[in-house]
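Chain by chain, the residues run as shown.
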Amino acid sequence: MFEYFNYGGFFFLVFLMLISFKMREEIAPLYGLFILVLVLIVYDAYASYSDAKSNLKAFEYGNTLTCRSGGGAYGGVQKYSVSKAEGWRVHKSYFIHDSLMIRADKCELQ
């Protein structure tokens, strides 16, 4: 599950907490916000982990998945059809075909 953990968000949260400890003025309401953000980060990691787990199980049963790869500031989202019949294989929580690796949580059943 920890490979789906948003470490950037977590370390930003820790950074904000350290700054708030230095200020020490009316930071009590911020503790609730910090805990809420931490819970949301852990929930997002668990949701991604459970999605990946169910997609890997569907793949093992021979179902075809539609997976997204890419999509950022410089490129568009590319979609791939992933199944055993098309030569894809599983390594940990990734689907692999030739040199392409797609995270299993970025897929959905067709």
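These remarks concern the structure in this document. As the structure is a computational prediction, the values presented were derived from the model and not from experiment.

Points about the pattern of salt bridges
Counting across every chain of the model gives 2 salt bridges. Lys 84 is paired through a salt bridge with Glu 60; the nearest N and O atoms lie 3.3 Å apart. With a gap of 24 residues between them, Lys 84 in the loop between strand 2 (77–82) and strand 3 (89–91) and Glu 60 in helix 2 (residues 28–60) connect regions that are remote in the sequence. Accessibility expressed as a relative area gives 42% for Lys 84, which makes it partly exposed. Judged by its relative accessible area of 47%, Glu 60 falls in the partly exposed class. Across the pair Asp 105 and Arg 103 runs a salt bridge, and its minimum N-O distance is 2.9 Å. By relative accessible area, Arg 103 is classed as partly exposed at 27%.

Comments concerning the sheet that holds strand 3
With antiparallel pairing, 3 strands are arranged side by side in an open sheet as 3-4-5. Taken across any chain shown, the strands that pair with only one partner, and hence form the sheet edges, are strand 3 and strand 5 (100–103). Averaged over all adjacent pairs, the angle separating strand axes in this sheet is 35°, with direction ignored.

Reading guide: rules and limits
Residues numbered from 1 in each chain as written. Predicted model: local features only at pLDDT ≥ 70, side-chain atom pairs only at ≥ 80, totals over all residues. Heavy atoms only, no water. Salt bridge = Lys/Arg side-chain N within 4 Å of Asp/Glu carboxyl O. Helix = DSSP H or I, 4+ residues; strand = E, 2+ residues; numbered from the N terminus. Buried < 20%, exposed > 50% of the residue type's maximum accessible area, 1.4 Å probe, protein only. Pairing = 2+ DSSP bridges. Axes fitted to C-alpha atoms, helices over the stretch in contact; angles between N-to-C directions.

Everything listed here is a matter of coordinates, which is why it stays silent on function.
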